[in-house]
Amino acid sequence: MRPSTQLPPPTCSSRLPQLRSFVGLRWSAPRFQVRERPGVAVAVLNGTPGCSFRLGVPALTVCRPHQRATVIRNEHAQNADFPKKYAKREKKPFPIPVLELRRRAKERMKAAQGKPKRPLPPPKNGMLVRKLMPVAYEVYNARILLINNLRKLMKVVPVKGCKYCSEIHVGSVGHPFRTCRGMLSDQRRGGHDWGSTSVEAVFLPVEAYHLEDRLGKRIPHDLRFAVPRIPALVELCIQAGVDIPEYPTKRRRKPIIKIGRNEFVDANEDDLPEPEPDRFKRTLLEELHHDEIIAPSSPEDTVALAEETLEAWETVRDGALKLMKGYAVRVCGYCPEVHIGPTGHKARNCGAFKHQQRNGQHGWQAAVLDDLIPPRYVWHMPESGEELQRELKTFYGQAPAVVEICIQGGAKVPEKYKATMRLDIGIPSSLREAEMVI
């Protein structure tokens, strides 16, 4: 029987440190011990028994941990993806998931058990939200100012629209991207046929039914042509307190009296004195006629007009968001139909995907700001003024059409739109340079 011989432990020359010792950019199991000497730093690496390294390097090359780290935070991302375009077969997602809505409803029911019912707050009780009335007048006037200024700016800043689809481009020449899905697009291989366009293609006119009583019965299908349709933003302002003689609406001075789950009666207002003049009422602007639209005469006037238009755009968006938090706005999950009110109408005019299975009925859900005021994104022109190239499509950014018109008119770029405009991305000068980008 041959005696068993025990092998000596491996030395450093015969075995390297194990791979499991590395975790990312840090060492998990061996550790460095640094001892400083004049001009030299000696590092001793302790690993497996019998393995140790002794390194001598200049002291200036040893990395020391920083005592402070400066972190720069920014509310807006440096580069962001473009807004998602949902296919015709896709349903819009709920702003708040259904499971979260059910959980909140259960919590409200559990918290309300054994407690007296609270009176309904405005506007559910038929009254107006007083603090939102100045916002409604401000949004209404800002919308009129935005439309008038856009018509003036479009006489200086050229805007092109495709003759066969709804796509537009802000520039003297349309973009070369083959994204047309209109009539005879296969013969043009997806190319656009550019022509002139109007302000309605830039600031989309989303319409809704006008309600004389916001808490009244829902509009049936048979009366869909008898009820007038007006811009949805105007209807929201009317329900929030703006008085327009052409579109009368019912104003209550006392809260409603609930007699059932979905039934109520109006309170008697005969004992109330005559209503006082409304202190929130303001003078309403009017849209200018086409003959009254005059283009700015100088570059300074163009820049001032662009700044005013951009400010009106932000006022409309911010004010509409405040109104939507107080007054319910519904949108169909399958088509762009919008309804201003707590419940949607009953008109069966939905023509979206598989509307036959729903008998043309809308799938109402809570609306978001982009449903009421679509931003209408367009391609952003580079500051160099060069025309867009089809091969460099991934390097270009996008911005809402109103913002792009104001920027080309001389307005300053707002911070919130820089993420999708991709201003910090260098555009290659040639296709060969673009192919070298990793």
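Residues numbered from 1 in each chain as written. Predicted model: local features only at pLDDT ≥ 70, side-chain atom pairs only at ≥ 80, totals over all residues. Heavy atoms only, no water.

1. Observations concerning the overall build of the chain
Item 1. Within the chain, the secondary structure is distributed over eight helices and 17 strands.
Item 2. Counting all 438 residues of the chain, 36% fall into the buried class.
Item 3. Sequence separation of 24 or more characterises 66% of the internal contacts of the chain that already satisfy a separation of 6 or more.
Item 4. Total accessible area on the chain stands at roughly 29400 Å², and carbon and sulfur atoms take up 54% of it. (Helix = DSSP H or I, 4+ residues; strand = E, 2+ residues; numbered from the N terminus. Buried < 20%, exposed > 50% of the residue type's maximum accessible area, 1.4 Å probe, protein only. Contact = heavy atoms within 4.5 Å. Areas by Shrake-Rupley, 256 points an atom, 1.4 Å probe, with all protein chains shown as cover.)

2. As for the pattern of salt bridges
Item 1. In the structure shown here, the tally under the stated rule is 17 salt bridges.
Item 2. Residue Glu415 is joined to Lys418 by a salt bridge in which the shortest nitrogen-to-oxygen separation is 3.0 Å.
Item 3. Here Lys418 falls in the partly exposed class, since its relative accessible area comes to 29%.
Item 4. By sharing partners, the salt bridges in this structure join Glu100, Arg103, Arg104 and Glu107 into a single network. (Salt bridge = Lys/Arg side-chain N within 4 Å of Asp/Glu carboxyl O.)

3. Considering helix 2 (residues 133-153)
Item 1. Along its 21 residues, helix 2 runs 30 Å from first to last C-alpha, staying within 8% of the 30 Å computed at 1.5 Å per residue.
Item 2. The buried fraction of helix 2 is high, at 17 of 21 residues. (Expected span 1.5 Å × (residues − 1).)

4. Observations regarding the packing of aromatic side chains
Item 1. Scanning the model with the defined rule gives four aromatic pairs in all.
Item 2. Both rings, one in Phe82 and one in Trp379, keep their centres 5.9 Å apart while their planes meet at 90°; by these two values the pair is edge-to-face. In this pair, Phe82 sits in the loop between strand 5 (52-58) and helix 1 (98-112) while Trp379 sits in strand 16 (residues 377-379), placing the two residues 297 residues apart along the sequence.
Item 3. The cationic tip of Arg188 hangs over the ring face of Tyr164; the distance from NZ or CZ to the ring centre is 4.2 Å.
Item 4. Here the basic side chain of Arg229 rests over the ring of Tyr209, its NZ or CZ set 4.6 Å away from the ring centre. (Phe/Tyr/Trp six-rings, centres within 6.5 Å; stacked < 30°, edge-to-face > 60°. Lys NZ or Arg CZ within 6 Å of the ring centre and 35° of its normal.)

5. Observations concerning the state of the cysteines
Item 1. Within this structure, the stated rule accounts for zero disulfides.
Item 2. Cys162 forms no disulfide, and the closest cysteine sulfur to it belongs to Cys165, at a distance of 3.5 Å.
Item 3. You can call Cys162 buried: its relative accessible area is 10%.
Item 4. Between Cys350, a free cysteine, and Cys335, which holds the nearest cysteine sulfur, the sulfur-to-sulfur gap is 3.8 Å. (Disulfide = S-S within 2.5 Å.)

This is a description of form; function is not addressed.
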